[in-house]
Amino acid sequence: MSQVLLQEAIAIGKQLSTPERAQLIESISGQLRQDLAMQPGSQKTNGTNGSANQTGNGHDTSDPTDSSVAKQEILPDWTLKDIRAMMAPDPRTGKEIAALIESGEIDTSIGAEMEIDDVVTWLDDLRSQERIERGLEA
């Protein structure tokens, strides 16, 4: 596939709604898994596809510096249902959020680590900087 065609496909993908993008990702990742499984010399090894250089006891004997060993990305086994569940909103009330903070389930120490004295001023400055970078503000 040419680089131009790939960029056009990406641009079209960005125009899709969130559920449509999730469906597209699921379809493409499923096809990619099939393609990787069909490659000559690839075997299923510990849940991943790739060249298997193992001894009888399961130890890997491949040379990590060998350029002929293809490095393959491990793809998550997410289904469309999993993606929809991750994208589902989970609104909380202020009282629920306060309880999460008090219980320690939400870590609020990041502000102290960043030495932020006034969160409101910091956030206003951050938003102003982003508007300038986007060319929305001089």
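Here the structure is a predicted model, which is why all the values come from computation and not from measurement.

Here is what the cut-offs are and how they apply
Residues numbered from 1 in each chain as written. Predicted model: local features only at pLDDT ≥ 70, side-chain atom pairs only at ≥ 80, totals over all residues. Heavy atoms only, no water. Patch = residues over 30% accessible without salt bridge, like charges linked within 9 Å, V, L, I, M, F, W, Y side chains within 5 Å. Areas by Shrake-Rupley, 256 points an atom, 1.4 Å probe, with all protein chains shown as cover. Salt bridge = Lys/Arg side-chain N within 4 Å of Asp/Glu carboxyl O. Helix = DSSP H or I, 4+ residues; strand = E, 2+ residues; numbered from the N terminus. Buried < 20%, exposed > 50% of the residue type's maximum accessible area, 1.4 Å probe, protein only. Expected span 1.5 Å × (residues − 1). Arc of directions from axis to C-beta.

Visitor: For this particular structure, what's the right way to read a nonpolar patch on the surface?
Guide: Side chains of I110, M114, V119, W122 and L123 sit close together on the surface and give an oily, nonpolar patch of about 450 Å² of accessible area. Per-element accounting of the nonpolar patch gives the leading share, 3 residues, to helix α6 (residues 119-133). With respect to the element layout, M114 can be found in the loop between α5 (110-113) and α6. Given the relative accessible area of 46%, M114 is considered partly exposed.

Visitor: How should helix α2 (residues 18-38) be read in this particular structure?
Guide: Side chains three or four residues apart in an α-helix point the same way, a direct result of the helix having 3.6 residues per turn. Over its 21 residues, α2 runs 30 Å from end to end, which matches the ideal 30 Å to within 8%, given 1.5 Å per residue. Residues A22, E26, S29 and L36 constitute the buried set of α2. Around the axis of α2, the buried residues are gathered within 105° of arc, so they sit on the same side.

Visitor: Would you take a moment to explain the pattern of salt bridges for this structure?
Guide: Oppositely charged side chains can pair when the atoms bearing their charge come close. Across all of its chains, the model carries 2 salt bridges by this definition. Where R33 meets D77, a salt bridge forms, and the shortest distance between an N and an O atom there is 3.5 Å. Taken together, the residues R33 in helix α2 and D77 in the loop between β2 (48-51) and α3 (80-87) connect sequence positions 44 residues apart. Classification of D77 by relative accessible area gives exposed; the value is 61%. A salt bridge links D90 to R92, with the nearest nitrogen and oxygen atoms 2.9 Å apart.

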